[in-house]
Amino acid sequence: MKRTDYISWDEYFMGISLLSGMRSKDPSTQVGACIVDMDNRIVSIGYNGFLNGCSDEDFPWEREGDFLNTKYPYVVHAEQNAILNARGKNLEGCSIYVNLFPCHDCARNIIQSGIKKVYYLDDKYKDTDSTKASKFMFEKAKVECIRLKPRTEKIEISFKTQD
Ligand SMILES: Nc1ccn([C@H]2C[C@H](O)[C@@H](COP(=O)(O)O)O2)c(=O)n1
Ligand SMILES: [Zn+2]
């Protein structure tokens, strides 16, 4: 008799996105993204962070103040990193799981990469022009956006061993 309490594909992929976000050094918002092909194979993963090869100390994590003294010009978004981490693999028809709804810049890159479905959890910036632009572009480009309502509030991962 097989287990019945296994997690769903959506919980699995969104869980991987959230776990990836746990690598983010952003003090205010940790985002992870997981790109999955039409056979439910994971193609790529990414989280929000600063530039490869640069020290995280080289750039500001601030949200407020002069634009150049905030993180916004420099931080690479989780979706962007996931697309780039795919290293040119064909993403046509893939889905992307991301815990926070994509901004307008990521929406453009998601659309241009051929990704056709966006699964998300949180839409905390839904009233911003950025998110409104994302939704407009996704609608025109016929990219489906699905807000996940997981069956369970949380999934626990333990490193505890039997020995
Ligand atoms: N879909 C998204 C939205 C945001 N991010 C990143 C970019 C920043 O590191 C952070 C947002 O910062 P906040 O304005 O909430 O302090 O989250 C992303 O990677 N993907
Ligand atoms: Zn973005």
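About the thresholds
Residues numbered from 1 in each chain as written. Chains lettered and ligands numbered in written order. Predicted model: local features only at pLDDT ≥ 70, side-chain atom pairs only at ≥ 80, totals over all residues. Heavy atoms only, no water. UniProt positions renumbered as here; feature names shortened; annotations may be inferred. Helix = DSSP H or I, 4+ residues; strand = E, 2+ residues; numbered from the N terminus. Buried < 20%, exposed > 50% of the residue type's maximum accessible area, 1.4 Å probe, protein only. Salt bridge = Lys/Arg side-chain N within 4 Å of Asp/Glu carboxyl O. Near = heavy atom within 4 Å. Polar contact = N/O pair within 3.5 Å; in protein donor to acceptor, adjacent residues only side chain to side chain. Areas by Shrake-Rupley, 256 points an atom, 1.4 Å probe, with all protein chains shown as cover. Core = buried A, V, L, I, M, F, W, Y, C linked by side-chain atoms within 4.5 Å. Donors = N, O, S within 2.8 Å, 3.2 Å for Na, K, Ca; no water. Pairing = 2+ DSSP bridges. Axes fitted to C-alpha atoms, helices over the stretch in contact; angles between N-to-C directions.

Going by an unreviewed UniProt entry, the chain carries the name dCMP deaminase family protein and comes from Intestinibacter bartlettii. UniProt, in its Sequence similarities (unreviewed entry) section for the chain, records the words "Belongs to the cytidine and deoxycytidylate deaminase family."

> Is there a simple way to explain unusual backbone geometry in this structure?
With the exception of glycine, the majority of residues adopt a negative phi angle, and the majority of peptide bonds are in the trans configuration. One non-glycine residue with positive phi stands out, namely Arg-87, at about 50°. Position of Arg-87 among the secondary structure elements: in the loop between helix H2 (78–85) and strand E3 (95–100). For Arg-87, a relative accessible area of 67% gives the class exposed. Phi is positive for Lys-142, which is not a glycine, with a value near 55°. Locating Lys-142 in the fold gives a position in the loop between helix H4 (129–140) and strand E5 (144–147).

> Help me understand the pattern of salt bridges in this model?
It is possible for side chains bearing opposite charge to pair when their charged atoms get close. Taken as a whole and judged by the stated rule, the model has seven salt bridges. The salt bridge partner of Arg-108 is Asp-105, with a shortest N-O separation of 2.9 Å. Placement of the pair is Arg-108 and Asp-105 together in helix H3 (residues 104–113), with a separation of three residues, close to one helical turn. We note a salt bridge from Asp-123 to Lys-135, for which the minimum N-O separation is 2.6 Å. On the criterion of sequence distance, the pair formed by Asp-123 in the loop between strand E4 (117–122) and H4 and Lys-135 in helix H4 is long-range, its members being 12 residues apart. Under the relative-accessibility criterion, Lys-135 is labelled partly exposed at 32%.

> Sorry if this is basic, but what is going on with the site of ligand 1 here?
Around ligand 1 lies a shell of 16 residues, among which Ser-28, Thr-29, Arg-63, Tyr-72 and Tyr-125 are the nearest. Separating an oxygen atom of ligand 1 from a side-chain N or O atom of Tyr-72 is a distance of 2.6 Å. Across the complex, the protein chains shield 95% of the 460 Å² of accessible surface that ligand 1 would expose by itself.

> Before we go on, may I ask you to explain the nonpolar core in this structure?
Here is a general trend for soluble globular proteins: nonpolar side chains tend to be buried in one another's company. Core analysis: the largest hydrophobic core is formed by 22 residues, its most contacted members being Ile-35, Leu-91, Ile-96, Ile-110, Ile-115, Val-118 and Phe-138. Of all the secondary structure elements, the ones that give two or more residues to this core are strand E1 (32–36), H2, E3, H3 and E4. Within the second largest apolar cluster, nine residues are counted, among which are Ile-16, Cys-34, Val-36 and Leu-148.

> I keep staring at the coordination of the zinc ion (ligand 2) and nothing clicks. Help me out?
Ligation of the zinc ion (ligand 2) by protein atoms is provided by His-77 (ND1), Cys-103 (SG) and Cys-106 (SG), these donors lying 2.0 to 2.2 Å from the ion. Mapping the donors of the zinc ion (ligand 2) onto the primary sequence gives the spacing H-x25-C-x2-C. Here the two residues Cys-103 and Cys-106 agree in accessibility, since each one is buried.

> Which parts of the structure should I look at to understand the UniProt feature "domain: CMP/dCMP-type deaminase" (unreviewed entry) in the chain?
Look at the UniProt record and you will see "domain: CMP/dCMP-type deaminase" (unreviewed entry) annotated at residues 8–139. Across residues 8–139, helical content stands at 32% and strand content at 17%; the span's end C-alpha atoms are separated by 27 Å.

> Would you mind going over the sheet that holds strand E2 (residues 42–47) with me for this structure?
The five strands lie next to each other as E2-E1-E3-E4-E5, forming an open sheet whose pairing is mixed. The open sheet is flanked by E2 and E5, the only strands paired with a single partner. Across the sheet, the mean angle separating the axes of adjacent strands is 20° when strand polarity is ignored.

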